[in-house]
Amino acid sequence: MWIDTHCHLDAAEFETDRAAVIERARAVGVAQIVLPAVGRANFETVRSLAHAHGFAYALGIHPLFVERAADDDLVHLRDALAEHRGDERLVAIGEIGLDHFVPGLDRDRQARFYTAQLRLAREFELPVIVHVRRSADSLLKHLRQVRVVGGIVHAFNGSEQQAEAFVERGFKLGFGGAMTFERALQIRRLAQELPLDAIVLETDAPDIPPQWLYRTAQERAAGASSRNEPGELPRIARSLAELRGLSLAELAAATSRNAHAALPRLAALPAAAPA
Ligand SMILES: [Zn+2]
């Protein structure tokens, strides 16, 4: 049994064949999927998808969506969290964070939305699902000021020292398609050497395609698809099992246990019912 701790199943890329995507994931043993929100416009979508299919969801405003978010979207988020407080499928606040990779973004505004959402995580006693790109130190700085129960740093791509700092704060680190590339030396080294109990698996589908789905910009321009999907999780996991010298069964058990530790409400959910 596998848990995809981060999948944007509501994305437009899945509009035409979402049911088949879910069926393929189930067929290969993906028993649970966490659907993070990215902004006010998709809060209701991730919630209803999670309920329709027996999955879990998170509510939050993604750093790349902060620019188009209105200030009162934070009020709306708080209202939605209060309204769904008792919803067993609401497992975290996310996806929140800081993106210092994409040029031209308003970093102060990102930081304001990030810290406001950390405070909501405290208020509602929920873990957080965090987006990191060239921003690990800033994320950690704010986590020292607003202490939350922990959560997942998804698609982790920082240094070993930064990884350890997140782990000390009670976070698990998400690994996915990026680790399947032989040239991703740093990510592969971390995936190999971090304590096993620090690691959770994710696809970030439809994004972060594993190596076997990767297409060059030129191929994509010619119409080739590099869409990732949750059914790729076991094959992505095989890369990690090989790096660590573990059996797939051992890795599935350990990463599921870690996902439950990071998102305690997940542990109380029954495995998703058949479609
Ligand atoms: Zn994401």
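This text follows the structure it describes.
For the structure given in this document, a descriptive report is provided here. Because the structure is predicted, anything quoted here is derived from the model rather than measured.

**Examining the coordination of the zinc ion**
Reasoning step 1: H6 (NE2), H8 (NE2) and E95 (OE) make up the full set of protein donors to the zinc ion, lying at 2.1 to 2.2 Å.
Reasoning step 2: Sequence spacing of the donors to the zinc ion: H-x1-H-x86-E. The same class applies to H6 and to H8, which are both buried.

**Let's talk about the pairing of strand β7 (residues 171-175)**
Reasoning step 1: Of all 5 residues making up β7, 5 are buried, and the element is well covered by its neighbours.
Reasoning step 2: The two faces of β7 match: F171, L173 and F175 on one face and K172 and G174 on the other face are all buried.
Reasoning step 3: Taken together, the 3 bridges between strand β6 (residues 151-154) and β7 define a ladder with parallel strand orientation. Bridge pairing in β7 links V153 to L173.

**Comments concerning the pattern of salt bridges**
Reasoning step 1: This model, assessed by the stated rule, comprises 16 salt bridges.
Reasoning step 2: A salt bridge links D71 to R109; the nearest nitrogen and oxygen atoms lie 3.0 Å apart. Of this pair, D71 sits in the loop between β3 (56-59) and α3 (73-83) while R109 is found in helix α4 (residues 107-123), placing the two residues 38 residues apart along the sequence.
Reasoning step 3: Here R188 makes a salt bridge to E182, at a shortest N to O gap of 3.8 Å.
Reasoning step 4: On the accessibility criterion, R188 (17% relative accessible area) is buried.
Reasoning step 5: Bridged by salt links that share partners, the residues D17, R24, R227 and E229 form one connected network.

**Some details on helix α6 (residues 160-168)**
Reasoning step 1: Within the span of α6, buried status applies to Q162, A163 and F166. Down the axis of α6, the smallest arc covering the buried residues is 105 degrees, so these residues share one side. Those residues of α6 that are exposed and angled more than 90 degrees off the buried face are Q161 and E168.
Reasoning step 2: On its buried face, α6 is in contact with α5 (136-145), β6, β7 and α7 (185-193).

**Details of the sheet that holds strand β4 (residues 90-99)**
Reasoning step 1: What the 8 strands build is an open sheet, ordered β1-β2-β3-β4-β5-β6-β7-β8; its pairing is parallel. Of all the strands in the sheet, just β1 (2-4) and β8 (199-201) have a single pairing partner and so form its edges. Geometrically, the sheet is characterised by an average inter-axis angle of 30 degrees between neighbouring strands, direction not taken into account.
Reasoning step 2: Taken together, the 5 bridges between β4 and strand β5 (residues 128-133) define a ladder with parallel strand orientation. Its bridge partner lying in β5, I93 is registered against V128.

Parameters and conventions
Residues numbered from 1 in each chain as written. Predicted model: local features only at pLDDT ≥ 70, side-chain atom pairs only at ≥ 80, totals over all residues. Heavy atoms only, no water. Donors = N, O, S within 2.8 Å, 3.2 Å for Na, K, Ca; no water. Buried < 20%, exposed > 50% of the residue type's maximum accessible area, 1.4 Å probe, protein only. Helix = DSSP H or I, 4+ residues; strand = E, 2+ residues; numbered from the N terminus. Pairing = 2+ DSSP bridges. Salt bridge = Lys/Arg side-chain N within 4 Å of Asp/Glu carboxyl O. Arc of directions from axis to C-beta. Contact = heavy atoms within 4.5 Å. Axes fitted to C-alpha atoms, helices over the stretch in contact; angles between N-to-C directions.

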